[in-house]
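# Examining the three-dimensional arrangement
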Amino acid sequence: MEYSESLKKNRDFQIIYKEGKSFANRYLVLYVRENGLQKNRLGISVSKKVGNSIVRHRLTRLIRESYRLQEAMFNSGLDMVVIARASAKGKGYQEISSALMHLGKLHGVLKRV
RNA sequence: UAAGUAAGACAAAUAAUCGCGGCUGACAAGACCGAAAGGCGUCAGGUGAGGAAAGUCCGGGCUCCCAAGGGCAGGAUGCCGGAUAACGUCCGGUGGAGGCGACUCCAAGGCCAGUGCAACAGAAAUAUACCGCCAGCCCCUGGCUGGUAAGGGUGGAAGGGCAGUGUAAGAGACUACCGCCCGGCCGGUAACGGCCGGGGCACAUGUAAACCCCAUCCGGAGCAAGACCGAAACGAGACAUAGGCCGGCCCGGCUGUCUCAGGUGGGUUGCUUGAGCCUGCCGGCAACGGCAGGCCUAGAUAGAUGAUUAUUCGCGACAUAACCCGGCUUAUCGUCUUGCUUACCAA
RNA sequence: GGGGCAUUGGCGCAGUUGGGAGCGCGCAACAUUCGCAUUGUUGAGGCCGUGGGUUCGAAUCCCAUAUGCUCCA
């Protein structure tokens, strides 16, 4: 991803859960927190409750892909954590992507086009 | 053709664009990050999950720890022979069970080494007489004593089975066949099978997935193993007091510089060439082994396979490597190949 | 990567040499009261997680499997 990094440490996730704001819809939950950097940082979390390893990997990829393709739409300087919910199991790219954009709109982190 | 049975193969395909992880090559080679070890940009090429990668139920390699040697305890396995690095796996047999058959299935050592348990029912559960049968006696529509396991009834199981002889009634008391036990001979590496003789049955119900006995095997932990490089902070030592702070000065303390130990955050390695795969020939019924030729086929470290478009069909199941192999078990949409069996039809 | 535990009425739990499926709360009915609560009596409710096996007989023993919880690194 051109402008972004991924979140790795559990500590980073915990900070965002504590200090960030969250919105949710049917498939996803999105936490956002300003990090004061030039870049965005993205973390994806899929719980074991959602499904087996195949399902979890698939969802991770769909979320990463939809973020990658829409990356230019987001403001910069944000830490974001996307959590997949159990109802997202078995859904396709179109649904996941539109769910992510919907949450971005709710947070007001999308650039005005 | 239909039904079945056994073995095996495949796991949607093709193209384009964008994106991700290793690898190789070329160009940059420094202006970056870091204390160090080390990492790093662009382009091109090639490569990138499974038959179960799963469950973690077994076995081994590898690594470290412990260790003079041996035993006990504990655990596992359990007909015989073979294969193998090893196995609880596989192959071939034996015995038993199922099927018309092809074929399939079996935790299949030992309750005549010992101990325990067997509710209820039943007279009695390893020792006995309730009914009955027979004999004798008596106070004779009955009772008592003795004999008896053929019959009834209970039970999952009643003391070898069945037929005959025999007897007061019966009984391996005796006899034939079957079963059991013992001994011998023959075949087989063996499990075992066949034959002969004896015991006349005294040992003899079931349970070892009850304790246990017998035989064989097993040291412990696991790649977050282990090895290497190694900040900061903490610790030890040395030096300098040249400088700063405490002070009038010295000692001393803090600070400073250097060294060492330890090995945390972090990094490198272990990390993929291996009991490897494919083809052919040879040995073996087979599992498998030998020889020759060819091939190199993921290596991530928060963890890489996705998205879009087009075409085709049956509209795609179960499911993602994490040190590596050999098995087992479980999940699974379907497609195909071959051998064999049975039934029907045709020649 | 290794190990352990649990699963029994609606809920929480007992259940050992393998033979009866139980306890408390809850539920229903009846009694008591003018009525309710309390109390008492009675009752319903179970494939003992699932599938096989051993045994005459399995909640219990053995094997496989599912779900949940938990420990160590």
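Below you will find a few notes about this structure.

Rules used in this analysis
Residues numbered from 1 in each chain as written. Chains lettered and ligands numbered in written order. Predicted model: local features only at pLDDT ≥ 70, side-chain atom pairs only at ≥ 80, totals over all residues. Near = placed C-beta within 6 Å. Helix = DSSP H or I, 4+ residues; strand = E, 2+ residues; numbered from the N terminus. Nonpolar A, V, L, I, M, F, W, Y, C, P; charged D, E, K, R; others polar. Axes fitted to C-alpha atoms, helices over the stretch in contact; angles between N-to-C directions. Parallel < 35°, antiparallel > 145°, perpendicular 65-115°, else oblique. Left-handed = near helix turned anticlockwise from the far one by under 90°. Contact = placed C-beta atoms within 7 Å. Core = buried A, V, L, I, M, F, W, Y, C linked by C-beta atoms within 7 Å. Buried ≥ 20, exposed ≤ 12 C-beta atoms within 10 Å, placed from the backbone. Pairing = 2+ DSSP bridges. Right-handed = clockwise from strand over helix to strand, strands pointing away. Expected span 1.5 Å × (residues − 1). Arc of directions from axis to C-beta.

The full set close to RNA strand B counts 13 residues, and Asn-52, Ser-53, Ile-54, His-57 and Tyr-93 are the nearest of them. For the surface near RNA strand B, the secondary structure elements donating two or more residues are helix 2 (53-69) and helix 3 (93-107). In terms of residues, the surface near RNA strand B owes the most to one element, helix 2, which gives 7 residues. Class assignment of the residues belonging to the surface near RNA strand B gives a composition of 3 nonpolar, 6 polar and 4 charged.

Relative to the assigned elements, Leu-106 resides in helix 3. Once the C-alpha coordinates of Leu-106 and Ser-22 are considered, the two residues, 84 residues apart in sequence, prove to be 9.5 Å apart.

With that settled, consider the packing of helix 2 against helix 3. It is at 9 Å that the axes of helix 2 and helix 3 come closest, and there the two elements cross at 60°. Taken as axis vectors, helix 2 and helix 3 run oblique relative to one another. The two elements helix 2 and helix 3 meet at a crossing, and its hand is right-handed. Contacts between helix 2 and helix 3 involve Leu-62, Ile-63, Glu-65, Ser-66 and Tyr-67 from the first element and Tyr-93, Ile-96, Ser-97 and Leu-100 from the second. Taken together, the residues that form the contact of helix 2 with helix 3 break down as 6 nonpolar, 2 polar and 1 charged.

Before going further, it helps to examine the nonpolar core. Counting residues in hydrophobic clusters, the biggest one holds 26 residues, and the most contacted among them are Leu-28, Ile-63, Met-80 and Val-82. At the level of secondary structure, the elements contributing two or more residues to this core comprise strand 3 (28-34), strand 4 (40-46), helix 2, strand 5 (78-84) and helix 3. For this core, the element with the most residues is strand 5, which contributes 6 residues. Residue contacts for Ile-63: discarding those within four places in its chain leaves Ile-44, Val-82, Ala-84, Ile-96 and Leu-100.

A one-sided burial pattern is seen for strand 4, the buried positions being Asn-40, Leu-42, Ile-44 and Val-46 and the unburied ones Arg-41, Gly-43 and Ser-45. Alignment of strand 4 against strand 5, held across 6 bridges, turns out to be parallel. What sits directly across from Ile-44, in strand 5, is Val-82. With respect to chirality, the unit in which strand 4 leads through helix 2 into the neighbouring parallel strand 5 is left-handed.

Moving on, we come to helix 2. Between the first and last C-alpha of helix 2 there are 24 Å, a value that for 17 residues agrees with the 24 Å anticipated at 1.5 Å per step. Within the span of helix 2, buried status applies to Leu-59, Leu-62, Ile-63, Ser-66 and Tyr-67. The arc enclosing the buried residues of helix 2, seen along the axis, measures out at 125°, which places them on a common side. Opposite the packed face of helix 2, turned more than 90 degrees from it, sit the exposed residues Ser-53, Ile-54, His-57, Arg-68 and Leu-69. Buried residues along helix 2 sit against strand 4, strand 5 and helix 3.

If you trace the backbone, Val-81 turns up in strand 5. Note on Val-81: 22 C-beta atoms within 10 Å, which makes it buried. When the C-alpha positions of Val-81 and Arg-41 are compared, they lie 8.5 Å apart, and in sequence the two are 40 residues distant.

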